[in-house]
Structures are given as C-alpha cells and as structure tokens.
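Here's the letter readout for the chains.
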Amino acid sequence: MQRIKSLMTRQGLKSPPESLSDVGAIESLRVPGKEEFRELREQPSDPQAEQELINSIEQVYFSTDSFDIVKYELEKLPPVLNLQELEEYRDKLKQQQAAELERVTSLQTGLQLAAVICTNGRRHLNIAKEGFTQASLGLLANQRKRQLLIGLLKSLRTIKTLQRTDVRLSEMLEEEDYPGAIQLCLECQKAASTFKHYSCISELNSKLQDTLEQIEEQLDVALSKICKNFDINHYTKVQQAYRLLGKTQTAMDQLHMHFTQAIHNTVFQVVLGYVELCAGNTDTKFQKLQYKDLCTHVTPDSYIPCLADLCKALWEVMLSYYRTMEWHEKHDSEDTTSASEGSNMVGTEETNFDRGYIKKKLEHGLTRIWQDVQLKVKTYLLGTDLSIFKYDDFIFVLDIISRLMQVGEEFCGSKSEVLQESIRKQSVNYFKNYHRTRLDELRMFLENETWELCPVKSNFSILQLHEFKFMEQSRSPSVSPSKQPSSTSSKMVTLFEQYCSGGNPFEIQADHKDDETEDVLASNGYESDEQEKSAYQEYDSDSDVPEELKQDYVDEQTGDAPVKSISRETLKSRKKSDYSLNKVNAPILTNTTLNVIRLVGKYMQMMNILKPIAFDVIHFMSQLFDYYLYAIYTFFGRNDSLESTGLGLSSSRLRTTLNRIQESLIDLEVSADPTATLTAAEERKEKVPSPHLSHLVVLTFGDTLYGLAERVVATESLVFLAEQFEFLQPHLDAVMPAVKKPFLQQFYSQTVSTASELRKPIYWIVAGKAIDYEQMLLLMANVKWDVKEIMSQHNVYVDALLKEFEQFNTRLNEVSKRVRIPLPVSNILWEHCIRLANRTIVEGYANVKKCSNEGRALMQLDFQQFLMKLEKLTDIRPIPDKEFVETYIKAYYLTENDMERWIKEHREYSTKQLTNLVNVCLGSHINKKARQKLLSAIDDIDRPKR
C-alpha cells in the first residue's frame, strides 16, 4: 500500500479513499494518455515478467512524498550523454511505470465495488429499522419463555424418574444384575448432579450414594461365593460390576481374602461336623475350639472319611481358583485384541496396568492358597496317632495325601514339602512298627510252615495279586485309580482338566475294595486229565487248604480258561531226569512265600505313594528276603561237615551273605543282658530271633529221601521269591534315591543272586544220605586186588552201588508225585550222588593194601561197568568226577619220576589217597629214600590246607 501511495503521489494522485466520502476522489485520478496506453498494450502481458519488472523498480521511488524524482534522475546522468542510452533508460522507466499503474487501476476498481456494497447495506439497515415493531419483540419473548418451560418440564420428568429408581435398583439386585444396577446408579448420580440446584435433589443424591455402598457390599458377598462354587456367568457379572466402579484391583485383593477365609471355614466346618457326629450330642463347646484342638477330637473310625471330605472340600476351593485364573486369561486375551483395535491410549494404558496387577496377584495367590491348604491338612494329619491304623487304612491315607500332593504340583508346581515332611515322619514311625510286627509274623509262619506246596496256576504272576494292582495303575500317575480311562491319551491330562466340568478326584471310597478279588490258586496243582489228577488227590483233600484255594482259575485280565494238559506223547518224550510228574511247570511256592510276596506288594504300595521313604521301605523289603533265605538255610542247609569236603558247596559270596544276615538281623541271644547299653538294646530291638523248623517236618526218613519234598518246596520257593525280586528291580531302582542306589545294587548282587546257590548245600545233604556209601566201602574192602590173572567179571560192590542208584531213582519218582522236581534240582541231586559215589570209589581204592597190575585192570573194569549202567539211569553228561576216578586209576601205572610231577599237579586228592598211590603203586620198586621224597611232596601239598 505504501508503494501504491508513493506511486500515486508521483503521478499527482491522492491516497486511496479511506471511506465512502472519499470515493469521489478516485475520479480525480489522472489517467495516462492514449499514447502511453498504446505503448503499454504493446508490452508483453506475462505476469511473471511484469512481476520482475516491478521488482526492478528502485526502492528510493517508494520513499516519502518529499523525495524529488526529477532531481534524482538528473543527478544520475553521466557527464557525457548518449542519446541511445537515454532513450533505452527512458523506455525502461516507462515500462516500470506502466506495470505499477496496472496494479493501481485494479485496486481502484475494487475500492469502487466496496463503496457500492456499503451504500446498499446502509440503505437496507434503515429500512429494517423503520419496519421493526413492539409486537415482534413480544412474540420473541413468548417463544423464549416457552422454551424455558419445556426445559423445566423435562427436568421435572427426570427428577420424577430419579425418585422411582430405588425400586428398579432393588429388582436388579435381587436378579444379581450387579453391572446393570451400578450402571443405573451411576447414571442417576450424574443426572442428580445436573439438578443439584433443586432442593429435592440433595436428599436423593445422598440416598443414591447409600445405595451404591449397599451394592458394593452385596457385590463383595457375591464375590465370596466364587470361592466354593465357580460360575462363569456369575463371576462375569461381578467383574463387570467392579470394572464399572473402577475397583478391579480392590476386587482382586478382596477375592484372595475370601479364598483364604473359605479355606479356613471349609476345613473347620468339615472337621466340626464329624466331631459333633461322633460325639453324639449338640454341645456347642466344639465350635469354640481352635481348628488344631478340634482335629484331636476326630475318632479313628471317622478319620479317613473326614480326611476324604476335607480334601474334597479343599479341591472345590482350588478348582474355583483354577477356573478363576482361566477366566482372566481368556478375558485378558479378548481385552488385548479389542484394545489393539481402539485408539484411546490413556484408557488402554490404565487397562494394561490393571491386567498386569491382576495377573501377578493371581500367580502369587497360587502359592499362598496351596500353602494354606498344606498347613490345614498337616494340622489334621498330626492331630491323630496313625500308628494304631490297619495297613490298608494307612495306605488309604497315604493315597489320599499323595493325590493331594499331585493336585498341589499341578496347581502351582509345588513339591509339597510341608505335607511330605509331616507324612514322612508318621510313615517311617508307622512302618518301623509295622515291619517289626510283620517280621515276627514271618518267623511264626516259618516255624509253623510244613513246606507243603501251595497249588497256584501255571500262569501265576504276582501282578495278579491285589497288592500289585497299583503297578498297572501307576503307568498313568496323573489319573487316579478309580477314574483311570480305558484308553490312554497321547497327551497327559491333569486332574484339573479331567475334573473341571464335574466329579472329584477324592471320590474313591465307594470302589476302594472292588478290585480285591483275585483267583490265583489251582484246584489240585495239575490242571490236566483225571488220571494225572489222581496222583495229587492227597494234597487236594488237605484240610489245611481253604475252600477258596481250591477254585479253578480264570485269568482276570483275559478271561481265558486254565491251560490244558499236555499230550501223553509229549510226556513220554520227556527226559527221565525231569521229575515233573507230567505236570505243567507251575511255580513252586508255599503259603509263607505267598505271604512274603504280598508283604512286598504292600511295602511297594507305600513306597510308590510316599517316595521320600523309598530307601527305608526297600531296606525293610530286603530284610524280608534276608530272613526267608536265612530260615531256608537254617532249616535245610546248615551242616558243618559240608565245608570239610572241600567241594566248595557254599560259595564265599553265599557264606558272606549268611554271615551278614546273622550279624545284622538275627538275635542269637536268649535273654537280654541287663548291663547292656541302651544302644545295644535298640539294636537288639531291630533284630529277630532265629527261626526253628516245625516238628511236623521230618527230615530223617530214607523212604522220603530225608524230606526231599519239603526241601524242594522250601528251596525252590526261595528261588521263585528271588525271581520275583529280580522282576521288581526296575521298579525299585526307579524310586530309589540316587545316593542309595549302591545299596540296592549290592542287595541284588550279593543276596538275591545267591538264592539258587543254596541248592547245592541243601541237596548235598540228601545226596549224602540217599546212597549207602559206607556199605560200598565195606564191600570194596573185601575185594582182593592182588589177583594174578585178568578178570572178566566186575565185582559185587558195583551191582550194590547201582542198586542203590536204582532205589534212589525210584524214591525220586515217588517224591515227584507229591511235588514237581524241576530239572535243575534233579540234575543237582544226581550230580551230587554221582560225585559222592565216584569219590567213594576213589576212597575205596585208596584203602587197598596190595594191588597187582591185574587188580588195576579190575578197577577199570568195575568203573566202566558202573558208568555203563549209570548212564542208563540218568541223562547227565558228562558224568561228574568221571575223570577224578579214571585219573586216579591211571596213576597206578606211573613211574617214580612221573609220580612226583603227577602229585604236584593233582591237588584235588586227599593226603591219604596220594600216600596210598606211593605205597601201593610203586611198592617195592623204589627205595626208602625215594618213597620219603614223594611223601614229603605230599606233605608239602597238604600243609596249606591245614
């Protein structure tokens, strides 16, 4: 504008009009001449070029009105004037002037238009002023008053509605529509704050505040109901209500307080119910007792039902907490999804903070709630002395606690140290007393055992016994035995997942005894045709056998019938040395053996339920086996004369085992020493007196092969028991603590594996008495060995010895009609008898005073005749100690030098036998000095044996 004013000044124009009164001055503007406009029109009309032309005007031209333009231009002229340059400069100035005047003209036109608009506006304003009347103003005032009255009517209607909301709020609370009630109450409060200038609203506002507080109280009560019976719809309403109140964190704090209170109230009411029921009166004194004192009033008869109901109730509380966490996890994910789609960042941050607080609170509450549960159950467990309980009842208690600990592990990953420690102490104490009683019972069983065969089925397995049923159930430990599904899922199902929709893992009392039926005993031990049964009728009619032991067996797992008898052709083709009496190979065991196996099963049940005492239980199990093994050895295998034979019948491992058992388990003292220390008395308390064989068992009759049937049943029952321990080793190893595994390994390698080694010393006693070896020595002593001619007929003692073996074979067959003699047993018996016979033959030859070369040939003839006949009686190959006899006979032909070397190489012969070779064999062929040298060599060999 300043530039325009300056330009107009230079052109002799006035400034732009400031008002409509100045519009006329615009008309006085000097308009350039026609020639100037013609020149301007000839100039380019490019806007950019015009702008550049205007920008090239010197700033001095836009200065104050006192500026002399002509003087300025003249002063700029050079001293020497150039017409052409002056004309060019003049043209430039004219172009600048024309461009600037174009803008001035445009401005002039705009000002003229504005003047016209203003003139018209003033004219219309005067017309409106003249046409406005008092009636119009009155109409407007009435309209305004009408609008105010309509607003007042709306306010009155709103106030009337607010006055009636208390009835609707009560209905909503009765329907447990807490979110709707709170929403309505908040809206009413908001509306009331709008009309607070009315006096009737102040009282209503106070009433709404009281109603809101009442709703919060009822909401807290509704929240507490979640702890015992979680309902999704109910909990959703409660959470929505707390969210409307903006108190989600407060709700979570209150919820945990309610869960803690629910645990306390639940256990107290359950125990109180049983205590009052058993007391038989309505005395209220029990209600005033502390929970710890109340637990001491639970009777033993009601202890297990009360414990089960206690765990049921606590399960419901924990399940409600589990489902509460599930609800929050599900809704958190939904809230996160909806928040990601929204744009309210402030609200999202606040929601995320609440969600994080709730999540941490719930996770922390898991451990806290489980700790409360453990302490309550621990108090209940310690309130009663469990040592008086029966074994099955105690195992049932352990099973409940084990399942509860499983719940705890699934609930919060806890190892339940509180429960484990409390139940471990009681279990160890209970089990020590129980084991001591069982050892005494085992001694009583052993001392009254007549070692008769217990006729079990041929396919008998310890897994068929009720005590070992848990081994099948333990294959899926997360599923309780009573609720185990028929089909195994590839994914492990937790108890919370399994019982989330209904049921209770502690509802097991009803079918606790259902699976105790078992049928593992044969009717007669043969399971074959009538002819084969007849040989066992004597045992079948035994009055000592209960009726249930005589029932036919059907496999519980498959439902199959008993194994059919084998064909007669197969029986005839069997070797004579397998005295099986044409029976299937049913296990050989006694009632005592079965009792020990059942005890082992019970011990393993406790160990499986309470793994922390696994070592103690396995140690006690090993004592059962130790005592049984020691009893068998004491009854049938102890014979000091056995060791003098030098045959190594008892291995060093077996002797070490027997010594260990005797030192650690057997109480050899008749009465306690009053001067003994307390430690010694405690040690004796852990020991058991040595058992004594029943007087009903006779081991002195030759017709029965000196109690061979009883010896077979006893020894083979021990071998069978060892086999069952071998079968259980993987299960025991799995639960044995790592630091205690060497004990288990040593028990199996040093004790269990030695069971079969008892066969040799036990059956050696039979073999030593079954053949009359002394009679054979007497017959051999009557033989004349210094004959002068080669004999073709063997001596009588050979026939007598073979007759003894035939009689032994007959008696063996008779014994096998009472009890099956396994092939290893018959082989050991024959081996022992043959070995003793061969050594008796050598001893007889060693008693010879004079012997010729023909006599030596007679010895060979006798022995070959014995071998030929013996091989028809037995299938044992090679004949035991055959070389022992043959080598001794051949030694009669040795020279002096060969004899000395032979004596040093054959240390298996006695001093007497070697001395006889020197005296009889070489005889007068050597001098006294040479004989003395050989005898000294014999003495050197014998010296280390002394």
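Predicted, not measured: the structure shown is a model, and the values here were computed from it.

### Thoughts on the overall build of the protein
- Along the protein, the regular secondary structure elements total 38 helices and two strands.
- Taking the intrachain contacts of the protein between residues at least 6 apart in sequence as the baseline, contacts between residues at least 24 apart amount to 80%.
- With an accessible surface of roughly 51000 Å², the protein has 51% of that area assigned to carbon and sulfur atoms.

### Details of the side chain of Gln96
- Locating Gln96 in the fold gives a position in helix H6 (residues 83–131).
- By relative accessible area, which is 6% here, Gln96 ends up buried.
- Filtering out sequence-adjacent residues up to four positions away, Gln96 remains in contact with Leu53, Ser56 and Ile57.

### Concerning the pattern of salt bridges
- Under the defined criterion, the tally for this structure stands at 26 salt bridges.
- A salt bridge links Arg901 to Asp898; the shortest N-O distance between them is 3.1 Å. Of the two residues, Arg901 and Asp898 both sit in helix H36 (residues 896–905), three residues apart, roughly one turn of that helix.
- In this structure, a network of salt bridges that share partners links the residues Glu831, Arg835, Arg839 and Asp881.

### Brief notes about a negative patch on the surface
- Where like charges cluster on the molecular surface, the negative patch consists of Glu326, Glu329, Glu363 and Glu497.
- Note that Glu363 resides in helix H15 (residues 345–382).

### Structural notes on the packing of helix H34 (residues 853–873) against helix H35 (residues 882–890)
- As a packed pair, H34 and H35 sit with axes 10 Å apart at the nearest point and diverge in direction by 165°. Compared by their axis directions, H34 and H35 come out roughly antiparallel. Here H34 and H35 pass one another in a crossing that is left-handed. Mapping the contact onto sequence places Arg856, Met859, Gln860, Phe863, Gln864 and Leu867 in H34 and Lys882, Val885, Glu886 and Ile889 in H35.
- Considered class by class, the residues forming the contact of H34 with H35 number five nonpolar, two polar and three charged.

### Here we look at the packing of aromatic side chains
- One pass over the full model with this rule turns up 37 aromatic pairs.
- Note on Trp451 and Tyr628: the rings are 6.4 Å apart at their centroids and 70° apart in plane angle, and the pair reads as edge-to-face. Taken together, the positions of Trp451 in the loop between helix H17 (417–448) and helix H18 (469–473) and Tyr628 in helix H24 (residues 614–637) put the pair 177 residues apart, joining distant regions of the chain. Of the two residues, Trp451 and Tyr628, neither departs from the other in class, the shared state being buried.
- An aromatic cluster of at least three residues, connected via ring pairs, comprises Phe259, Trp315, Tyr321, Tyr322, Phe411, Phe496 and Tyr499.
- Sitting over the face of the ring of Tyr434, Arg438 holds its NZ or CZ atom 4.3 Å from the ring centroid.
- If you follow Arg839 out to its NZ or CZ, it ends over the ring of Phe884, 4.4 Å from the centre.

### Some points on the packing of helix H28 (residues 708–735) against helix H30 (residues 759–770)
- Running from amino to carboxyl end, H28 crosses H30 at an angle of 175°, the nearest separation of the two axes being 11 Å. On the basis of the axis angle, H28 is roughly antiparallel to H30. Contact residues: Leu708, Arg711, Val712, Thr715, Glu716 and Val719 in H28; Arg759, Ile762, Tyr763, Ile765 and Val766 in H30.
- Among the residues forming the contact of H28 with H30, the class breakdown is seven nonpolar, one polar and three charged.

### Regarding the confidence of the model for the protein
- Of all residues in the protein, 75% have pLDDT values of 70 or greater, and the mean over the chain is 78.
- For the protein, the element scoring lowest by mean pLDDT is helix H21 (residues 537–540), at 36; H28 scores highest, at 93.
- Every residue in residues 475–490 scores below 50 in pLDDT, and together they form 26 contacts with partners more than four places removed in sequence or on other chains.

### Re a nonpolar patch on the surface
- Taken together, the side chains of Val70, Leu74, Leu77 and Leu81 make up a nonpolar region of the molecular surface, amounting to roughly 370 Å² of accessible area.
- Its place among the elements puts Leu74 in helix H5 (residues 69–76).
- Residue classification places Leu74 among the exposed residues on the basis of a relative accessible area of 54%.

### Side note on helix H29 (residues 741–750)
- Among the residues of H29, Leu744, Phe747 and Tyr748 are the ones counted as buried. On an axial view of H29, the arc spanned by its buried residues comes to 90°, and they lie on one face.
- Contacts made by the buried residues of H29 are with H24 and H28.

### Describing unusual backbone geometry
- Omega for the bond connecting Arg877 with Pro878 falls within 30 degrees of zero, at -5°, which places this linkage in the cis form.
- Unlike most non-glycine residues, Ser416 shows phi in positive territory, near 55°.
- Among the secondary structure elements, Ser416 is positioned in the loop between helix H16 (391–412) and H17.
- At Trp451, a position not held by glycine, the phi torsion is positive, near 60°.
- Exposure remark for Trp451: the relative accessible area of 1% places this residue in the buried category.

### Side note on the side chain of Ser414
- One can find Ser414 in the loop between H16 and H17.
- Those residues in contact with Ser414 that lie beyond four places of it in its chain are Trp370, Gln374, Gly408 and Glu409.

### Side note on the environment of Gln287
- Tracing the backbone through its elements, the reader meets Gln287 in the loop between helix H12 (248–279) and helix H13 (291–295).
- Residues Gln287 and Glu276, spaced 11 residues apart in sequence, show a C-alpha to C-alpha distance of 9.2 Å.

### Quick notes on H16
- Helix length check: H16 (22 residues) gives 31 Å between terminal C-alpha atoms against 32 Å at 1.5 Å per residue, within 8%.
- Counting buried residues in H16 gives 16 out of 22 residues, a clear majority hidden from the surface.
- In the stretch just after H16, Gly413 is the one whose phi turns positive, near 75°.

### Some thoughts on the state of the cysteines
- Following the criterion strictly, the structure yields zero disulfides and no others.
- In this structure Cys311 is not part of a disulfide, and its nearest cysteine sulfur, from Cys306, lies 9.5 Å away.

About the criteria used
- Throughout, residues of each chain are indexed from 1 in the direction in which the sequence is written.
- Local features in a predicted model are, by the rule used here, given only for residues with pLDDT of at least 70; side-chain atom pairs are given and counted only at 80 or more, and totals for whole chains, interfaces and linings are based on all residues.
- With hydrogens and water excluded, all non-hydrogen atoms of the structure serve as input to the side-chain values.
- Runs of H or I in DSSP of at least four residues are treated as helices and runs of E of at least two as strands, each being numbered from the N terminus.
- Contacts: residue pairs with any heavy atoms within 4.5 Å of one another.
- Computed with the Shrake-Rupley method and a 1.4 Å probe, the accessible areas treat only the protein chains shown as cover for residues.
- Categorising residues by exposure relies on relative accessible area from a 1.4 Å probe, with only protein chains included: less than 20% of the type maximum marks a residue as buried, more than 50% marks it as exposed, and the intermediate range marks it as partly exposed.
- The rule for a salt bridge is simple: a side-chain nitrogen of Lys or Arg has to be within 4 Å of a carboxyl oxygen of Asp or Glu.
- Surface patches are defined over residues having more than 30% relative accessible area and no salt bridge, joining like charges when they lie within 9 Å and nonpolar side chains (Val, Leu, Ile, Met, Phe, Trp, Tyr) when within 5 Å.
- Asp and Glu are treated as the negative residues and Lys and Arg as the positive ones, with His and the ends of the chain left uncounted.
- To locate a charge, the coordinates of NZ of Lys, CZ of Arg, CG of Asp or CD of Glu are taken.
- Axis angles are defined between N-to-C directions and span 0 to 180 degrees, where every axis is a line fitted to C-alpha atoms and, for a helix, only to the segment in contact.
- Our angle categories are set so that under 35 degrees counts as roughly parallel, over 145 as roughly antiparallel, 65 to 115 as roughly perpendicular, and the remainder as oblique.
- Each helix crossing is assigned a hand: it is left-handed if the near helix lies turned anticlockwise from the far helix by less than a right angle, otherwise right-handed if that turn is clockwise.
- Residue classes follow a fixed rule: Ala, Val, Leu, Ile, Met, Phe, Trp, Tyr, Cys and Pro count as nonpolar, while Asp, Glu, Lys and Arg count as charged, and any other residue, Gly among them, counts as polar.
- Working definition: a ring pair exists when centres of Phe, Tyr or Trp rings (six-membered ring for Trp) sit within 6.5 Å. Plane angles under 30 degrees give stacked, over 60 give edge-to-face, the rest tilted.
- Whether a charge lies above a ring is judged from NZ of Lys or CZ of Arg, which has to be within 6 Å of the ring centre and within 35 degrees of the ring normal.
- Per-residue confidence from the predictor is reported as pLDDT, which spans 0 to 100.
- Starting at the helix axis, one direction is taken to each C-beta atom, and the arc is that of these directions.
- One less than the residue count of a helix, multiplied by 1.5 Å, gives the span that helix is expected to have.
- The rule for a disulfide is simple: a pair of cysteine sulfur atoms within 2.5 Å.

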